[in-house]
Amino acid sequence: KVLLKYFTPLPTCTVGEIFELKAELNSDKKEKKKEAVKKVIASMTVGKDVSALFPDVVNCMQTDNLELKKLVYLYLMNYAKSQPDMAIMAVNTFVKDCEDANPLIRALAVRTMGCIRVDKITEYLCEPLRKCLKDEDPYVRKTAAVCVAKLHDINAQLVEDQGFLDTLKDLISDSNPMVVANAVAALSEIAESHPNSNLLDLNPQSINKLLTALNECTEWGQIFILDCLANYTPRDDRESQSICERVTPRLSHANSAVVLSAVKVLMKFMEMLPKDLDYYSTLLKKLAPPLVTLLSAEPELQYVALRNINLIVQKRPEILKHEMKVFFVKYNDPIYVKLEKLDIMIRLASQANIAQVLAELKEYATEVDVDFVRKAVRAIGRCAIKVEQSAERCVSTLLDLIQTKVNYVVQEAIVVIKDIFRKYPNKYESVIATLCENLDSLDEPEARAAMIWIVGEYAERIDNADELLESFLEGFHDESTQVQLQLLTAIVKLFLKKPTETQELVQQVLSLATQDSDNPDLRDRGYIYWRLLSTDPVAAKEVVLAEKPLISEETDLIEPTLLEELICHIGTLASVYHKPPSAFVEGSRGVMHKRLPAQSTESPDVGTAAGGSAPEAAPSIIPSQGDLLGDLLNLDMAPPTTSGPPPPTTGMQMGGMDLLGGGLDSLVGISHSVDPYAATPGQLVNPFWVKWSLQTVIRRSDGVLCLQVWLPAMKAKGLEISGTFARRAGVIQMELILTNKAMSVMTDFAIQFNRNSFGLAPAGPLQVLTPLGPNQTIEVSLPLSTVGPVMKMDPLNNLQVAVKNNIDVFYFSCQYPISMLFVEDGKMERQVFLATWKDIPNDNESQFQIKDCHLNSDAASSKLQGSNIFTIAKRTVEGQDMLYMSIKLSNGIWVLAELRVQAGNSNYTISLKCRAPEVSQCVFQCYEAVLKN
């Protein structure tokens, strides 16, 4: 029924009904006219189309009856947009009503004009609105203030031209608190759509006026004023304390929205108070009771309060550290309230209250709600990790729960015990025997994976570890990926600990993972283990059995920068979603990034932001390289002083009976002098290994392109060339795979490049030392230099290649990632960076967007450094991390970059400056490839 109204036409009044209503609307009797308008409004409300009566209803505006006037205005607001030409008929009445002796009618007229979103009417609204903003009656002024915001939404330019914004600012000093509140609300709404307009220019004098009005206006007026106060940054701790003292009484308000807005202001201004101040501890005590009171409301309000409390507890747990009992779950709480309370209980758990918390959690684990029980069992494990002194008691509680033999309780307990083992290694392993007893009852992937990890990690302490893991191996292909990966790792661990007993088992799992599996993650991990074990078992032990870092106490804490922003949005949807507004508010409007104030401020200077002090002498400017594309031949590109020999191409055979080669012998003490990587000249490597080795190169070398077919066999008389580029140890490598799909043998291979933008040329001959027979494939690594002849290409990174063999000469084009040209000495000094940035003309600056990237600034910086993109400095402005970076190309061109990363926002902004701006597009593509790889 709800959907039907979207697919069927709206009901319309019959001709008879319209005729009757029209007659009644034109009646001379006031009561009959009023009843007719009521009938029209009733029909409009149920969805009937009564727009045909527009002129007749407008004629009813000329009345002194306030009730009738309100009904007519209601009709106008609804139909003015569909009948703009006829709506103008009402303008004269509006203007006349704005000068009526009755303030209620004046306010009603200006409110209605603001709600009629028709451009033609807005022109006539300006003069009445100006008069109403300066009306002697505060009710009219407060209504007019809101009308300015509505008019701004329709026509922003008109509002600015008419000077209404300045009038609104003057209303902040109004004697009536409700006028002040509405002026603040209007300015705040306008400011949200224009974040950089600085409309609310708050200063101590205006703040004082707002605080004065706070005590006298309505509850919604108080919310507007408190939200405005939250955007103000006090000058010092004394002003901060003064504001806190005047806002604190709002904590006892009956309206929960007022309470949360007051908490938001206090949480922000507390940042500026010294912690040793007596008032600071007093304020902490005052914040607890109102938050606790919010939990006695209905469940929906409780949930909103709990989501906000969750943020507050993460920022300042000391506020509610003595209020643990209020978060104990009640039997009739909805599940969403129960789960939220449980989360806060864990955050507040400490050595002082852990006994009480554990007793509660153990009780919850016997409830009937499966989701709640699982969360309760997990909570016990989190308590063990958080409060070290309670770990033994927590483990004992978990063992008691395992003895209940309730399937989902047992499985959840095993998952959390795995985490406890990670936190406290070699301390509680005595419980492993009890866990192994429940092996057969595990049917959930996470629980099975946890149990397999425990068996593999402590294989030397479990006599029948091989039998236990072999039982999982029987249904290997039916297991989830999580279990398969864990089983592969566990069996490799077992083999490294007990090599003589488990060789057959490890060969079986490696074969299953690499040859019988379609999962690329599983295959790759299998090949990595296979190669490690077969070439260097000692290294395998160091990698696989390495000491693991202890897991952190709190793995689910919100990232600090995001938490600061969310604290500034307490009482809004952002605090319920635990996401910044930019994550769920579409478009730029309304998205303003906020941060808590700091007691000390950073200099905006790039050099000092990174901790360096500015030297007295002016830094040198890197000399200009001229116009890259205008005259590439004029660039001075000296050859490198050293050039390493081309690395040998190597292969490795897999197959035969012993999958591990000499790995087992090495483990048990027999050494081999044979190099497992060595291959006799012309010996073909296993195609499976060729494919895997190249994939490894592609994944590990930042900026490397995916393997591409550059020259198809049908265009080269049976010779197929695939390849990619990589930079290793400062040398650019062209990785080639040559495949002979012809019937004849191919020999005498040679390669040559055409002139190109950056002078790429082969540093040596193409090393194909033996004839390439039919259906054979060979992998060749060709080192490249950057001292060849230069010519502008389109696109800039295009490379034209000629390959010759005994059959013919073949030509193809490919594109190399420009990151191959980023050299290792591209880290610029901070002061040189700053001076160079200023020296490069602004016209040379390009800005790009990198979308759907989910790295924080530190991870991004680390990843980029692997491609010789160096971070010079980092600073944080309004919750946004700004990374300043430098890149040096092989021909001496420098590229400077500013990368902006906002917590919670997957879209990055990057600005690039270069004396050869034509390079910027290619550099941006490299950033995108590296960060998204």
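Residues numbered from 1 in each chain as written. Predicted model: local features only at pLDDT ≥ 70, side-chain atom pairs only at ≥ 80, totals over all residues. Heavy atoms only, no water.

Trainee: Would you mind going over helix H22 (residues 370-386) in detail, with residue names and values included?
Mentor: With 17 residues, H22 extends 24 Å between its outermost C-alpha atoms, agreeing within 8% with the 24 Å of an ideal straight helix rising 1.5 Å per residue. Three or more residues of H22 are buried, namely Phe372, Val373, Ala376, Val377, Ala379, Ile380, Gly381, Cys383, Ala384, Ile385 and Lys386. Summarising the contacts, the buried residues of H22 are in contact with helix H20 (335-348), helix H21 (354-364), helix H23 (391-402) and helix H24 (407-423). The residue sitting at the N-terminus of H22 and contributing the capping side-chain oxygen is aspartate 369; that oxygen lies 3.1 Å from the backbone nitrogen of aspartate 371. (Helix = DSSP H or I, 4+ residues; strand = E, 2+ residues; numbered from the N terminus. Expected span 1.5 Å × (residues − 1). Buried < 20%, exposed > 50% of the residue type's maximum accessible area, 1.4 Å probe, protein only. Contact = heavy atoms within 4.5 Å. Polar contact = N/O pair within 3.5 Å; in protein donor to acceptor, adjacent residues only side chain to side chain.)

Trainee: A description of the nonpolar core should follow, citing residues and the corresponding values.
Mentor: Of all hydrophobic cores here, the largest spans 215 residues; its most connected members are Tyr75, Leu129, Leu210, Val247 and Phe421. Aside from chain neighbours lying at most four places away, what touches phenylalanine 421 is Tyr428, Glu429, Val431, Ile432, Leu435, Trp453, Ile454 and Tyr458. Met734, Tyr816, Leu912 and Leu931 belong to the second-largest nonpolar core, a separate cluster that totals 64 residues. (Core = buried A, V, L, I, M, F, W, Y, C linked by side-chain atoms within 4.5 Å.)

Trainee: Any chance you could break down the pairing of strand S12 (residues 894-902) for me, citing the residues and the numbers?
Mentor: Within S12, 8 of the 9 residues are buried, which leaves it mostly tucked inside the rest of the structure. Direction of pairing for strand S11 (residues 880-888) relative to S12: antiparallel, over a ladder of 9 bridges. Bridged to lysine 888 within S12 is tryptophan 894. Between S11 and S12, which pair antiparallel and follow one another directly, the connecting turn spans 5 residues, one of which, glycine 892, has a positive phi of 90 degrees. As judged from the 6 bridges shared by S12 and strand S13 (residues 908-914), these two strands associate in the antiparallel manner. Following the sheet pairing, arginine 900 is matched in S13 by threonine 909. Once S12 ends, the chain turns through 5 residues before running back antiparallel as S13, passing glycine 904 with a positive phi of about 85 degrees. (Pairing = 2+ DSSP bridges.)

Trainee: An account of the packing of aromatic side chains is requested, with residue identities and associated values reported.
Mentor: A full pass over the atoms with the stated rule returns 13 aromatic pairs. Taking the centre distance of 5.2 Å and the plane angle of 40 degrees together, the rings of tyrosine 364 and phenylalanine 372 count as tilted. The burial state of tyrosine 364 is the same as that of phenylalanine 372; both residues are buried. The side chain of lysine 338 reaches across the aromatic face of phenylalanine 372, ending 5.2 Å from its centre. (Phe/Tyr/Trp six-rings, centres within 6.5 Å; stacked < 30°, edge-to-face > 60°. Lys NZ or Arg CZ within 6 Å of the ring centre and 35° of its normal.)

Trainee: Tell me what's going on with helix H3 (residues 30-45), and back it up with residues and numbers.
Mentor: Because an α-helix packs 3.6 residues into every turn, residues spaced three or four apart end up facing the same way. For H3, with 16 residues, the first-to-last C-alpha span of 23 Å sits near the 22 Å given by 1.5 Å per residue. All of the buried residues along H3 are Lys34, Ala36, Val37, Val40, Ile41, Ser43 and Met44. Remark: glycine 47 follows H3 within two positions and exhibits a positive phi of approximately 100 degrees.

Trainee: Kindly report on the packing of H3 against helix H5 (residues 66-79), identifying the contributing residues and their values.
Mentor: The interhelical angle for the contact between H3 and H5, taken along N-to-C directions, is 35 degrees, at an axis separation of 10 Å. Remark: the crossing between H3 and H5 carries left-handed chirality. Touching Lys33, Lys34, Val37, Lys38, Val40, Ile41 and Met44 of H3 are Glu67, Leu68, Leu71, Val72, Leu74, Tyr75, Asn78 and Tyr79, all from H5. When its residues are assigned to classes, the contact of H3 with H5 shows 10 nonpolar, 1 polar and 4 charged. (Axes fitted to C-alpha atoms, helices over the stretch in contact; angles between N-to-C directions. Left-handed = near helix turned anticlockwise from the far one by under 90°. Nonpolar A, V, L, I, M, F, W, Y, C, P; charged D, E, K, R; others polar.)

Trainee: Residue-level account of the sheet that holds strand S1 (residues 708-711), with values.
Mentor: The antiparallel open sheet is built from 5 strands, whose spatial order is S1-S2-S3-S6-S5. At either end of the open sheet lies a strand with only one pairing partner, and these are S1 and strand S5 (761-762). Here 2 bridges tie S5 to strand S6 (residues 777-785), and the two strands are oriented antiparallel to one another. Across the sheet, proline 762 pairs through a bridge with leucine 784, a residue of S6.

Trainee: Outline the sheet that holds strand S8 (residues 809-815), supporting the account with residue identities and numerical values.
Mentor: As a general point, the strands of a sheet are linked pairwise by backbone hydrogen bonds and lie either parallel or antiparallel. With antiparallel pairing, 3 strands are arranged side by side in an open sheet as S4-S7-S8. In this open sheet, the two edge strands, each paired with only one partner strand, are strand S4 (750-753) and S8. Strand-to-strand twist in this sheet, taken as the mean axis angle between neighbours without regard to direction, amounts to 25 degrees. As paired elements, strand S7 (residues 798-804) and S8 share 7 bridges and run antiparallel to each other.

Trainee: Describe a negative patch on the surface, with residues and values.
Mentor: On the surface, Glu467, Glu470, Glu474 and Glu504 cluster together to form a negatively charged patch. Within the fold, glutamate 470 resides in helix H27 (residues 465-473). (Patch = residues over 30% accessible without salt bridge, like charges linked within 9 Å, V, L, I, M, F, W, Y side chains within 5 Å. Areas by Shrake-Rupley, 256 points an atom, 1.4 Å probe, with all protein chains shown as cover. Salt bridge = Lys/Arg side-chain N within 4 Å of Asp/Glu carboxyl O. Lys, Arg positive; Asp, Glu negative; His and termini not counted. Charge placed at Lys NZ, Arg CZ, Asp CG, Glu CD.)

Trainee: Summarise unusual backbone geometry; cite the residues concerned and give the values.
Mentor: Cis geometry is found at the peptide bond from aspartate 794 to proline 795, where omega equals 0 degrees. Mapped onto the fold, proline 795 is located in the loop between S6 and S7. For alanine 729, which is not glycine, the phi torsion reads 55 degrees and is therefore positive. Here alanine 729 is to be found in the loop between strand S2 (719-728) and strand S3 (731-740). The phi angle at asparagine 868 is positive, at roughly 65 degrees, despite the residue not being glycine. Examined against the element boundaries, asparagine 868 turns out to sit in the loop between helix H38 (857-865) and strand S10 (870-877).

Trainee: I'd love a proper account of the packing of helix H30 (residues 520-535) against helix H31 (residues 537-544), names of residues and values included.
Mentor: Close contact between H30 and H31 brings their axes to 6 Å; oriented N to C, the two are set at 135 degrees. By the criterion of interaxial angle, the relationship of H30 to H31 is oblique. When H30 is examined against H31, the residues Tyr529, Leu532, Leu533 and Thr535 are found in contact with a partner set consisting of Pro537, Ala539, Ala540, Val543 and Val544. Among the residues forming the contact of H30 with H31, the class breakdown is 8 nonpolar, 1 polar and no charged. (Parallel < 35°, antiparallel > 145°, perpendicular 65-115°, else oblique.)

Trainee: Please provide a residue-by-residue account of the confidence of the model for the chain, values included.
Mentor: Per-chain confidence: the chain averages 80 in pLDDT, with 85% of residues scoring 70 or above. In the predicted structure, residues 1-10 sits below a pLDDT of 50 and forms 1 contact with residues beyond four places in sequence or in another chain. (pLDDT = per-residue confidence, 0-100.)

Trainee: Tell me about the pattern of salt bridges, and name the residues and values.
Mentor: Applying the stated criterion across every chain, the model contains 36 salt bridges. Across the pair arginine 316 and glutamate 318 runs a salt bridge whose closest N-O atoms are separated by 4.0 Å. The salt bridge partner of arginine 374 is glutamate 412, with a shortest N-O separation of 2.8 Å. One end of the pair, arginine 374, is in helix H22; the other, glutamate 412, is in helix H24, with 38 residues separating them in the sequence. Exposure remark for glutamate 412: the relative accessible area of 5% places this residue in the buried category. A cluster of three or more residues bridged by salt bridges with shared partners is formed by Glu31, Lys34, Glu35, Lys38 and Glu67.

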